[in-house]
Amino acid sequence: MPVKDFSLTHVVYDDQLLSQKVLALVTLTPIFIIVAYVTLLYSRRQIHTLLMLIGQLVNEGLNNILKKYIKEPRPHGCKHSGYGMPSSHAQFM
């Protein structure tokens, strides 16, 4: 089974399956969310949009602190470095 590396998010997927291509693109959701926050903040200049963006960034910082405290290793064979739990994608969403 040939796999391909989706370089922006380092997602490995089977290039032959459309469903895996779609799911590889879904991993870009956090980037789209940040772009949406910045776009809304720039265009509407509303305080609640700023607070949501700050909350999202604080949550990301909390994730890094928890990773260093929990120190759960990534699954065997994973190409990423650093700790695996809590999941950055799961906590971001």
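Scope of this entry: the structure provided in the associated data block. (Residues numbered from 1 in each chain as written. Predicted model: local features only at pLDDT ≥ 70, side-chain atom pairs only at ≥ 80, totals over all residues. Heavy atoms only, no water.)

Another aspect to go through is the overall build of the chain. When its secondary structure is counted, the chain shows four helices and two strands. Each helix (α) and strand (β) of the chain, taken in turn from the N terminus, gives the series β-β-α-α-α-α. Taken across its 93 residues, the chain has 19% of its residues classed as buried. Total accessible area on the chain stands at roughly 7,100 Å², and carbon and sulfur atoms take up 66% of it. (Helix = DSSP H or I, 4+ residues; strand = E, 2+ residues; numbered from the N terminus. Buried < 20%, exposed > 50% of the residue type's maximum accessible area, 1.4 Å probe, protein only. Areas by Shrake-Rupley, 256 points an atom, 1.4 Å probe, with all protein chains shown as cover.)

Our focus in this paragraph is the pattern of salt bridges. For the structure shown, the criterion picks out one salt bridge. Linking Lys 21 and Asp 15 is a salt bridge whose minimum nitrogen-to-oxygen distance equals 3.8 Å. What makes Lys 21 partly exposed here is its relative accessible area of 34%. On the accessibility criterion, Asp 15 (27% relative accessible area) is partly exposed. (Salt bridge = Lys/Arg side-chain N within 4 Å of Asp/Glu carboxyl O.)

In this section: the side chain of Gln 56. On the secondary structure map, Gln 56 appears in helix α3 (residues 47-70). At 3.3 Å, the side chain of Gln 56 and the side chain of Tyr 37 are in polar contact. (Polar contact = N/O pair within 3.5 Å; in protein donor to acceptor, adjacent residues only side chain to side chain.)

Not every positive phi belongs to a glycine, and Arg 45 is a case in point at roughly 55°. Residue placement: Arg 45 occurs in the loop between α2 (29-44) and α3. With a relative accessible area of 61%, Arg 45 lands in the exposed category.

A cluster of nonpolar side chains, Ile 47, Leu 50, Leu 51, Ile 54 and Val 58, forms an exposed patch at the surface whose accessible area comes to about 460 Å². Its place among the elements puts Ile 47 in helix α3. Assessed through its relative accessible area of 58%, Ile 47 is described here as exposed. (Patch = residues over 30% accessible without salt bridge, like charges linked within 9 Å, V, L, I, M, F, W, Y side chains within 5 Å.)

Spanning 16 residues, α2 covers 22 Å between terminal C-alpha atoms, matching the ideal 22 Å at 1.5 Å per step. Just downstream of α2, Arg 45 is the residue with a positive phi angle, here 55°. (Expected span 1.5 Å × (residues − 1).)

Residue placement: Asp 15 occurs in the loop between β2 (11-14) and α1 (18-26). Along the primary structure Asp 15 and Val 3 are separated by twelve residues, whereas in three dimensions their C-alpha atoms are 5.9 Å apart.

Where α2 meets α3, the axes come as close as 9 Å, and the angle between the chain directions of the two elements is 150°. By the angle between their directions, the pair α2 and α3 is classed as roughly antiparallel. For the element pair α2 and α3, the recorded crossing hand is left-handed. In this structure, α2 uses Ile 34, Tyr 37, Leu 40 and Leu 41 to contact α3, whose residues at the interface are Thr 49, Leu 50, Met 52, Leu 53 and Gln 56. (Axes fitted to C-alpha atoms, helices over the stretch in contact; angles between N-to-C directions. Parallel < 35°, antiparallel > 145°, perpendicular 65-115°, else oblique. Left-handed = near helix turned anticlockwise from the far one by under 90°. Contact = heavy atoms within 4.5 Å.)

Purely geometric numbers; function is a separate question.
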